[in-house]
Amino acid sequence: MDPQTYDTQLECKRIKLEQAFAQFETPSVEVFASEPANYRMRAEFRMWHDGDDLYYYMFDKVLNEKVRCDQYLPASVLINQMMSALIVELKPNPSLRHKLFQVDFLSTLSGEMLVSLLYHRQLDDQWRANATALKAKLSSQFNVNIIGRARKQKIDLDKDFVVESLQVNDKTFLYKQIENSFTQPNAKVSVKMLEWAIDATQNSQGDLLELYCGNGNFSIALAQNFNRVLATELAKPSVDAAQYNIEVNGIENLQIIRMSAEDFSDAMAKKRSFRRLEGIDLDSYVCNTIFVDPPRAGIDPDTLALVQGYERILYISCNPETLKDNLQQLNQTHKVTRFALFDQFPYTDHMETGVLLERR
């Protein structure tokens, strides 16, 4: 990693993406850059015990060896500051360092921090007392919460989430982010993704259906462009966070259902009935637009057929290969009218991609 080469590597990604999707006659790629350093809001490290020494490390697959990480350039400034402060406290404390094998950090642009300590042993009252003292000491410098994890054990000293604050255009959105649940790692690029999605759906008609909504990251921001939004998500912690986010942001036209995209596709096709949909009149929604942000595997065939039935499809993908596979079918009925590259993961081959498709 060399921040001085950032612009060059981003241009290489743009060229690679345009060439990979040339068959679909896409418009020019809209490129949204990352900060060249300190862009990751979360990071996790293994811990190496060497006598009295204790340090963070990652495993380099290319070098096939562990790499000591006293600081970590991709991680936020807040994480780097916490890395230094935390290791000073852990080293001389037998209770806190004994069989500690991993530390996870989750930070926010709003200044909150969550530190998770993972152990190969059960945690006792002595650990809790020492961890409480650690939190008190770190709290003089940081807005921090600490979690202890071991096999079938989780200890929250206070709470297991942070609340992120994102300035999106002229609005501020608050998002509850729960420990060990998915969140967008690059917060500033995430803001650009939200602004792009809002712009792509300006002057929309009717309602929005969103699949794979997570903690409501996109649906909350997009609600302003639609009469109503109906969203689905399977993971319970994400649904719980989404309900919190709906309330704290005062969103009144968004409803989230806890079910998989596959089950929802069956419900829409009237193949099966679901208790979770009791009291929800799916036929009352006039959804001309569907938004999907699927996992790396892409969209399954049944859900892809459902998606194809909408006038406009907004598709965010973390895997260009599965996006290409899905576009083989979607391109038969829809045309790509917006095409974006979001550099969530600088200096890697990963490319976050956004497309807007409109019926031919």
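These figures come from a predicted structure and were not determined experimentally. All residue numbers here refer to positions counted from 1 along the written sequence of the relevant chain. Side-chain atom pairs in this predicted model are given and counted only at pLDDT of 80 or more, local residue features only at pLDDT of at least 70, and totals for whole chains, interfaces and linings cover all residues. The side-chain figures draw on all heavy atoms in the structure; neither hydrogens nor water molecules are used.

### Some details on the UniProt feature "binding site: S-adenosyl-L-methionine" (unreviewed entry) in the chain
The criterion, for reference: UniProt positions are given in the numbering used here, feature names are shortened, and annotations may be inferred rather than shown by experiment. Note on definitions: the grid is 1 Å and covers protein atoms alone; a cavity is a set of points where a 1.4 Å probe fits but cannot get out; a pocket is an open set with protein on both sides within 12 Å along at least five of seven lines; lining residues have an atom within 4 Å of a point. Burial classes follow relative accessibility: with a 1.4 Å probe on protein chains only, a residue under 20% of its type's maximum area counts as buried, one over 50% as exposed, and anything between as partly exposed. Any pair of residues with heavy atoms lying within 4.5 Å of one another is described as a contacting pair.
Per the UniProt record, the feature "binding site: S-adenosyl-L-methionine" (unreviewed entry) sits at Q184, Y212, N217, E233 and D293. Of the annotated positions named here, the second largest pocket is lined by Q184, Y212, N217, E233 and D293. Its relative accessible area of 18% is what places Y212 among the buried residues. Setting aside its immediate chain neighbours within four residues, Y212 contacts T232, E233, A261, V292, D293, P294, P295, G298, I299, D300 and T303.

### Structural notes on helix α4 (residues 125-138)
Because each turn of an α-helix spans 3.6 residues, side chains separated by three or four positions in sequence point in the same direction. Heads up, the condition is: A run of DSSP states H or I qualifies as a helix once it reaches four residues; a run of E qualifies as a strand once it reaches two. Both are numbered from the N-terminal end. Residue count minus one, scaled by 1.5 Å, sets the expected span of a helix. Working definition: the arc comes from the directions between the helix axis and the C-beta atoms, pointing outward to the latter. N or O atoms closer than or at 3.5 Å make up a polar contact, with two conditions inside protein: a donor-capable atom paired with an acceptor-capable one, and, for residues adjacent in sequence, both atoms drawn from side chains.
Spanning 14 residues, α4 covers 20 Å between terminal C-alpha atoms, matching the ideal 20 Å at 1.5 Å per step. All of the buried residues in α4 are W127, A131, L134, K135 and L138. Burial along α4 is one-sided: seen end-on, the buried residues are contained in an arc of 100°. For α4, the exposed residues set more than 90 degrees away from the buried face come down to D125, Q126, A136 and K137. Packing partners of the buried residues in α4 comprise α2 (77-90), α3 (94-97), β6 (112-119), β7 (143-150) and β8 (153-156). Of the residues flanking the start of α4, the one acting as N-cap is D124, its side-chain oxygen 3.2 Å from the backbone nitrogen of Q126.

### Quick word on the packing of aromatic side chains
The test is simple: To pair, rings of Phe, Tyr and Trp, with the six-membered ring standing in for Trp, must have centres within 6.5 Å; the planes then decide the type, stacked if under 30 degrees apart, edge-to-face if over 60, and tilted in the middle. Note on criteria: charge over ring means Lys NZ or Arg CZ within 6 Å of the ring centre, with the direction from the centre no more than 35 degrees off the ring normal.
With the rule as written, the count across this model stands at 14 aromatic pairs. Taking 5.5 Å as the distance between ring centres and 55° as the angle between the ring planes, the aromatic pair formed by F45 and Y56 counts as tilted. Note that F45 is positioned in strand β2 (residues 42-50) and Y56 in strand β3 (residues 53-60), a separation of 11 residues in sequence. We classify Y56 as buried; its relative accessible area is 1%. Members of the aromatic cluster, joined through ring pairs, are F45, Y56, Y72 and F105. The cationic tip of R228 hangs over the ring face of Y285; the distance from NZ or CZ to the ring centre is 3.8 Å.

### Focus on the pairing of strand β12 (residues 229-233)
This is how it is decided: Strand pairing is defined by DSSP finding a minimum of two bridges between the two strands. For crossovers, right-handed means that the path from the first strand over the helix to the second runs clockwise, given strands pointing away from the viewer.
Most of β12 sits inside the fold, with 5 of its 5 residues counted as buried. The sheet contact formed by strand β11 (residues 207-211) and β12 spans 3 bridges and is parallel. Its bridge partner lying in β12, E210 is registered against A231. The pairing of β12 with strand β13 (residues 254-258) spans 5 bridges and is classified as parallel. From the neighbouring strand, V229 faces β13, where its bridge partner is L254. Between β12 and its parallel partner β13, the chain crosses via helix α7 (residues 236-248), and the hand of that crossover is right-handed.

### Looking at the environment of M259
If you trace the backbone, M259 turns up in the loop between β13 and α8 (261-268). Among all residues touching M259, those that are not within four sequence positions of it are T232, E233, L234, F264, F274, R276 and L277.

### Notes on the sheet that holds β13
Sheets are built from strands that pair by backbone hydrogen bonding, the pairs being arranged parallel or antiparallel. To keep it simple, the criterion reads: What counts as an axis is a line fitted to C-alpha atoms, over the stretch in contact for a helix, and the angles between N-to-C directions run from 0 to 180 degrees.
Spatially, the 8 strands line up as an open sheet ordered β1-β16-β17-β15-β14-β11-β12-β13, and their pairing is mixed. Two strands lie at the open edges of the sheet, namely β1 (30-32) and β13, each paired on one side alone. Averaged over neighbouring strand pairs, the angle between their axes works out to 15° when direction is ignored. Across the face of the sheet, helix α5 (residues 187-200) comes into contact with β1, β15 (312-317), β16 (334-342) and β17 (352-359) while running at roughly 160° to β16. Across the sheet, helix α10 (residues 320-330) is in contact with β15, β16 and β17; its angle to β15 comes to roughly 160°.

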